[in-house]
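# Observations on the three-dimensional arrangement
As a plain string of letters, each chain reads:
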Amino acid sequence: MRTPAETYRKMLYLLFALGLSIALAACGSGGASGGSSSEQSSPGSAVIQGKVSGPVFIAVDNDTNLEAGRSTSAGGLTTFGMTLPTGKSYMFYLLDNGVTGNPSRVFPVYMGMTNVFRIASDANGQTIDLGLVNPDLTGGTATPANSPLECPGVMAGGENRSIPPFLFGAGGTPFTQALYIPPVLTPISTTSTTDSYDLAIREADVEIIPGKLTRIMGFNGLTPGPTIRARVGRQVVMSHTNGLPVTTLGGAPGDVAIHLHGGHVPSSEDGFPTDIIRPGATRSYTYPNNQLPATLWYHDHLMGYTGPHVWFGMAGFYILTDDYEDSLGLPSGAYEIPLAIQDRNFDSTGKLVYTGNWNGETGNTILVNGTIQPNFKVASRKYRFRVLNGSNMRKYRIALSNGQPFHVLGMEGGLLPAPVEVTSLVLASAERADIVVDFSSLPVGSSVVLQNSLGSGSTANIMRFDVDRVETDTSRLPLELRPLEKLSASQAVRTRSFTFSDGMMGMMGGAPWVINGKPFDPNRVDADPKLGTVEIWEFRNMSMMDHPAHLHQAMFQILDINGNPPPPTHAGWKDTVNVPAMGTVRIIMRFADYAGKYVLHCHVLEHEDNAMMARFDVVP
């Protein structure tokens, strides 16, 4: 017997599949029909064939962003063919379009084993006719007999963008560069209550690929920006001088709006997406730091342009601590290391490439603290790593190559009641993990790789730890960390529902991503929780993509994910939760201290930029 949650998810799935079949007319039913074929494909691969009105048609693997196939023709309405692995997602790029005035296009496609995708002609007169020949057939065409899950197909209309002329895995030989650790910024002034910092936001040329200069925009010209180390109860004032040009990298505007991600701050200090700092202006944000210590981070939050601004470098760590945490004896000082994991694309000159894919920007090169797949020399002892998934979209499942376990101390909202031992941990965009890795069992001269089991090729390895010395370890891993105030559903005064979906608006020229069917409007209030109350918010995902939901102002606890309690690693305070495709998540939180306007949004930055955001006002 199905549970109510299962029934609901099934209904969402059926509605989604029905909507796609109506909008795209791309998914049929029944078996395959044969013909003749001049090309056979090996098991696990298939021939893509069809017609395009343009001379170049490229398939790019969505997982690696590496070119997977290319067909070149003379122009006009021409046929093409390429052999690609099945069961994967691709971005199909049509370049140098032969139709006058019609720009290049991008079409995301999932290739199941028997899918056929068809768009005869779009509104601009561009012809696309994609057919996939089942490898089990002798040839001809096929109609899909597969599940509708394998047939979301082509998003008609795509994007008016072209693939960069050259993408490559910039890492070359991995683990050849030493890990860069962002400097801890020194306050420009201190009082009995406040530490003040100045940061200049500017473009700069930095060496990410050896021998090449890459233009970035960063805090103090660094990427990641300098680390701020703050203390609970001690106020921080961060003054940002915007030295960006009016139009900056990637064609984005030079306006910025800085957000302390995870910060419990007054509305005026939150970095609302339309509260901007113009080029040439200076703005100070005051952070009270009246919250539990945790690994926070600061980044740009400009409405419509968070994706390119973060991609080109605008992010940094903000680490909040207190006396209680210091007393636990955890690894500290040189043995407490922030790790910002990000994926990026570069062209042959070393330039960062940003395509603006509204499905979410992914890269084929993994950086840690701005270093391509670095090595880090460690002693045979315990280390504390504050890990941030700072990627625009990509998820990571981190694990050590030797299979050894590590301990999770906490996530976005600070320490758990006790360490949790795991052998792997999934981090969606914006999630953080505070972990301890013990290298004491590894002999000097040995190495272990931090891997990403959700990646492949150039995205499968993150960094390497090289044990090069023996040191005395006086740190400890306590059996107990910090007591947790567990919120109960009985405390909630209200439950609100938020549905994350792509709808059909993006295919019709409107907002591609919406919450409760509406694109973000900074002047519309979508929820009005009362100050001092506890509420339950239910996030329903009616799309085929995950959406890491991030809530400003309040840390929350997860009640359940698809009806099941969260894993122990996710059972503490959080500010971001991954809402799985066609899934449901319930969270509970208290709206304390500050009234005013805040936002809820998906932290796939291109989803956020393309309207998957909602305003809520905490009212007195």
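The present account deals with the structure reproduced in this document. Note that the coordinates shown come from a computational prediction; the quantities given were computed from them, not determined experimentally.

It is worth spelling out the pairing of strand β26 (residues 432-438) at this point. Within β26, 6 of the 7 residues are buried, which leaves the element mostly enclosed by the surrounding structure. Direction of pairing for strand β23 (residues 406-411) relative to β26: antiparallel, over a ladder of 3 bridges. Within β26, the position partnered with H407 by the bridge is V436.

Looking at the secondary structure, you find D347 in the loop between β17 (336-344) and β18 (365-368). Although D347 is buried, it forms no salt bridge, and the closest oppositely charged side chain is K351 at an N-O distance of 5.3 Å. In this structure the side chain of D347 is engaged in a polar contact, spanning 2.7 Å, whose partner is the side chain of T349.

Turning our attention to the sheet that holds strand β22 (residues 396-400). Sheet architecture is open: 5 strands sit in the order β20-β28-β27-β22-β25, paired in mixed fashion. The sheet is open, and its two borders are formed by β20 (375-379) and β25 (424-427), each paired with just one other strand. Between one strand and the next, the sheet's axes are offset by a mean angle of 25°, whatever the strand orientation.

Moving on, we come to the packing of aromatic side chains. In the structure shown here, the tally under the stated rule is 22 aromatic pairs. Aromatic pair F500 and F539: ring centres 5.6 Å apart, planes at 80°, arrangement edge-to-face. Of this pair, F500 sits in strand β29 (residues 492-501) while F539 sits in strand β31 (residues 534-541), and the two are 39 residues apart along the sequence. For F500, a relative accessible area of 0% translates into the label buried. You can call F539 buried: its relative accessible area is 1%. A centroid spacing of 6.0 Å and a plane angle of 65° characterise the contact between F591 and F616, whose relative ring orientation is edge-to-face. Placement of the pair is F591 in the loop between β35 (584-590) and β36 (596-602) and F616 in strand β37 (residues 613-618), with a sequence separation of 25 residues. Judged by relative accessible area, which is 0%, F591 ranks as buried. You can call F616 buried: its relative accessible area is 1%. In textbook terms, an aromatic cluster arises when at least three aromatic residues are bridged by ring pairs, as seen for F498, F500, W537, F539, F591, Y598 and F616. The residue whose ring lies beneath R283 is Y285, and the NZ or CZ to ring-centre distance is 4.1 Å. Above the ring of Y335, the side-chain terminus of R381 is found at 3.5 Å from the ring centroid.

Attention now moves to the sheet that holds β35. Judged by pairing direction, the sheet is mixed, and its 5 strands sit side by side in the order β30-β29-β31-β35-β33 without closing on themselves. If you trace the sheet from one side to the other, it starts and ends with β30 (514-515) and β33 (556-561), each paired once.

Residue placement: K574 occurs in the loop between β33 and β34 (576-579). Looking at K574, the relative accessible area reads 0%, which means it is buried. Within the local environment of K574, its side chain forms a polar contact with the side chain of E412, the two groups lying 2.7 Å apart. Looking at K574, its side chain comes within polar contact range of the main-chain oxygen of T576, at 3.0 Å. Setting aside chain neighbours within four positions, we find K574 in contact with M411, E412, G413, E431, M555, F556 and I558.

Turning our attention to the nonpolar core. Inside soluble globular proteins, nonpolar side chains tend to come together where they are buried. One finds M238, I258, Y287, Y298, M314 and Y318 to be the most contacted residues of the largest nonpolar core, which totals 43 residues. By residue number, the principal contributor to this core is strand β9 (residues 194-206), which donates 5 residues. If near-sequence neighbours (up to four positions away) are discounted, M238 is found in contact with Y197, L199, I228, R283, S284, Y285, Y287, Y298 and Y318. Core analysis: the next-biggest nonpolar cluster, separate from the first, contains 35 residues, V368, L427, I462 and F465 among them.

So, about the pattern of salt bridges. Applying the stated criterion across every chain, the model contains 32 salt bridges. Its salt-bridge partner being D323, residue R231 comes within 2.6 Å of it at the nearest N-O pair. Within this pair, whereas R231 is found in strand β11 (residues 225-231), its partner D323 is found in helix α3 (residues 323-326), the two being separated by 92 residues in sequence. Given a relative accessible area of 28%, R231 falls into the partly exposed group. D323 gets classed as exposed once you look at its relative accessible area, which sits at 60%. For R381, the salt bridge goes to D473, with nearest N and O atoms at 3.1 Å. A residue pair is termed long-range when its members are at least 10 positions apart, and R381 in the loop between β20 and β21 (382-389) and D473 in the loop between β28 (461-469) and β29 qualify at 92 residues. Of the residues examined, R381 reaches a relative accessible area of 4% and is grouped as buried. For D473, a relative accessible area of 25% translates into the label partly exposed. Taken together, the salt bridges that share partners define one network made up of R229, E325, E336, R384, R386 and D434.

Thresholds, definitions, all that
Residues numbered from 1 in each chain as written. Predicted model: local features only at pLDDT ≥ 70, side-chain atom pairs only at ≥ 80, totals over all residues. Heavy atoms only, no water. Buried < 20%, exposed > 50% of the residue type's maximum accessible area, 1.4 Å probe, protein only. Helix = DSSP H or I, 4+ residues; strand = E, 2+ residues; numbered from the N terminus. Pairing = 2+ DSSP bridges. Lys, Arg positive; Asp, Glu negative; His and termini not counted. Salt bridge = Lys/Arg side-chain N within 4 Å of Asp/Glu carboxyl O. Polar contact = N/O pair within 3.5 Å; in protein donor to acceptor, adjacent residues only side chain to side chain. Axes fitted to C-alpha atoms, helices over the stretch in contact; angles between N-to-C directions. Phe/Tyr/Trp six-rings, centres within 6.5 Å; stacked < 30°, edge-to-face > 60°. Lys NZ or Arg CZ within 6 Å of the ring centre and 35° of its normal. Contact = heavy atoms within 4.5 Å. Core = buried A, V, L, I, M, F, W, Y, C linked by side-chain atoms within 4.5 Å.

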